[in-house]
Amino acid sequence: MAETFMFNALRAAIDEEMERDPTVFVLGEDVGHYGGSYKVTKDLYKKYGELRLLDTPIAENSFTGMAIGAAMTGLRPIVEGMNMGFLLLAFNQIANNAGMLRYTSGGNFKIPLVIRGPGGVGRQLGAEHSQRLEAYFQAVPGLKIVACSTPYNAKGLLKSAIRDPNPVLFFEHVLLYNLKEDLPEEEYLLPLDKAEIVRSGEDVTILTYSRMRHHVLQAVKTLEKEGYDPEVIDLISLKPFDFETIGASIRKTHRVVIVEECMKTGGIGAELCASIMERYFDELDAPVIRLSSQDIPTPYNGTLENLTIVQPPQIVAAVQKLVQGQV
């Protein structure tokens, strides 16, 4: 076991897959000599050359389209979005091309493509750099969407995403890159479609993902002291949801709190809530509670920024109300 930062875990995943498979390459702004905005590709160009660590112009629509074309020919591109908010400029390529070409070509083309990079609310990055785009893409057919939350799952999931024959949007949180964890020395891969039971419990199911996993675990420390027994599930797969794991938990606890950094209106939690009501309504003893970011552009002011996203005390209060039957 070796203690590793999350950005180095992602770098190791890319390095191992590039070494294993010569069709894997990385492209994006400053991914070569500079090593990426958060150093996920640091010094890889020295090992693999500038054609496999391809620095691009600031033109997301162009280089994302180029990556899709490369995937059609049998290569396995990894697109780094310097900030995931910029990928709105490539929405057409991702939705109309990457998501649909396998279907519209009658299966003649596979699109083994990974689009990865930082997103989420950072520390005073301003509205345009604090985007959470996972819900934007969730309605697009043909895409897989994954959100990593720890160095361990970041590495195992990214390796699986690179090997997958379908387009995978791989969301990393800007504030988790310096998270540390002991990683196994031996190779491992993790499934892209499975949630993780972070903590087993009997009282309530808390569904979360990405950075909010860590806010939930802070809240759990308080809840445990007060005698509550929450079950915490990191969704990891945002498309498709792992309803086998989610359903088994709801049948046990009969109560659900969803904690997300996505916007409340039309967010990941909205789709999850609707699906839970369709599938498990008779198992619920109370309405599903959604804790989401406020529907406003993220303020630059640090105090106001914190007020727009879910904080651990709000999670504690929601669980208390739900378990005590006050909802």
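Structure's up top.
Residues numbered from 1 in each chain as written. Predicted model: local features only at pLDDT ≥ 70, side-chain atom pairs only at ≥ 80, totals over all residues. Heavy atoms only, no water.

Asks: Sorry if this is basic, but what is going on with the environment of Pro313 here?
Replies: With respect to the helices, strands and loops of the structure, Pro313 is situated in helix 12 (residues 312–323). Residue classification places Pro313 among the exposed positions, given a relative accessible area of 61%. As a C-alpha pair, Pro313 and Arg211 span 102 residues in sequence and 16 Å in three-dimensional space. (Helix = DSSP H or I, 4+ residues; strand = E, 2+ residues; numbered from the N terminus. Buried < 20%, exposed > 50% of the residue type's maximum accessible area, 1.4 Å probe, protein only.)

Asks: Can you walk me through empty space enclosed by the protein in this structure?
Replies: Gaps between atoms show up when a probe of the same size as a water molecule is rolled over them. Taken as a whole and judged by the stated rule, the model has one cavity of 30 Å³ or more. Within this model, the largest cavity holds a volume of roughly 110 Å³. Along the walls of the largest cavity sit 13 residues, with Gly120, Arg132, Glu134, His173 and Ser210 positioned nearest its centre. The element contributing the most residues to the lining of the largest cavity is strand 7 (residues 168–173), with three residues. Residues that form the lining of the largest cavity fall into these classes: four nonpolar, five polar and four charged. (1 Å grid on protein atoms, 1.4 Å probe; cavity = no way out; pocket = protein on both sides within 12 Å on 5 of 7 lines; lining within 4 Å. Points joined across faces, edges and corners; volume = space filled by probe spheres on them. Nonpolar A, V, L, I, M, F, W, Y, C, P; charged D, E, K, R; others polar.)

Asks: Which parts of the structure should I look at to understand helix 3 (residues 60–72)?
Replies: Within an α-helix, residues lying three or four positions from one another point in the same direction, as the helix has 3.6 residues per turn. The terminal C-alpha atoms of helix 3 lie 18 Å apart, and with 13 residues this matches the ideal 18 Å at 1.5 Å per residue to within 8%. Where helix 3 is concerned, the buried positions are Glu60, Phe63, Thr64, Ala67, Ile68, Ala70 and Ala71. Viewed end-on, helix 3 has its buried residues packed into an arc of 160°, placing them on one side of the element. Those residues of helix 3 hidden inside the fold are in contact with strand 2 (24–28), strand 4 (76–80), helix 4 (91–98), helix 5 (101–104) and strand 5 (114–119). Gly74 sits one or two residues past helix 3 and shows a positive phi near 110°. (Expected span 1.5 Å × (residues − 1). Arc of directions from axis to C-beta. Contact = heavy atoms within 4.5 Å.)

Asks: Sorry if this is basic, but what is going on with the pairing of strand 4 here?
Replies: Looking along a regular strand, one sees the side chains alternate between the two faces of the sheet. Across the five residues that make up strand 4, a large majority, five, are buried. In strand 4, alternate side chains face the same way, and those of Arg76, Ile78 and Glu80 on one face and Pro77 and Val79 on the other are all buried. Looking at chain direction, strand 2 and strand 4 are connected through five bridges and run parallel. Bridging across to strand 4, Phe25 finds its partner in Pro77. (Pairing = 2+ DSSP bridges.)

Asks: Explain the layout of surface pockets to me, please; I cannot follow it from the model alone.
Replies: Put simply, the largest pocket is a space of about 160 Å³. Secondary-structure elements contributing two or more residues to the lining of the largest pocket are helix 6 (134–138) and strand 13 (256–263).

Asks: Looking at this structure, how should I read unusual backbone geometry?
Replies: Negative phi values dominate among residues other than glycine, just as trans dominates among peptide bonds. In this structure, the amide linkage connecting Lys239 to the following residue, Pro240, adopts the cis form with an omega of 0°. Its location among the elements puts Pro240 in the loop between strand 12 (237–239) and helix 9 (243–253). In this structure, Gln124 takes a positive phi of about 60° despite not being glycine.

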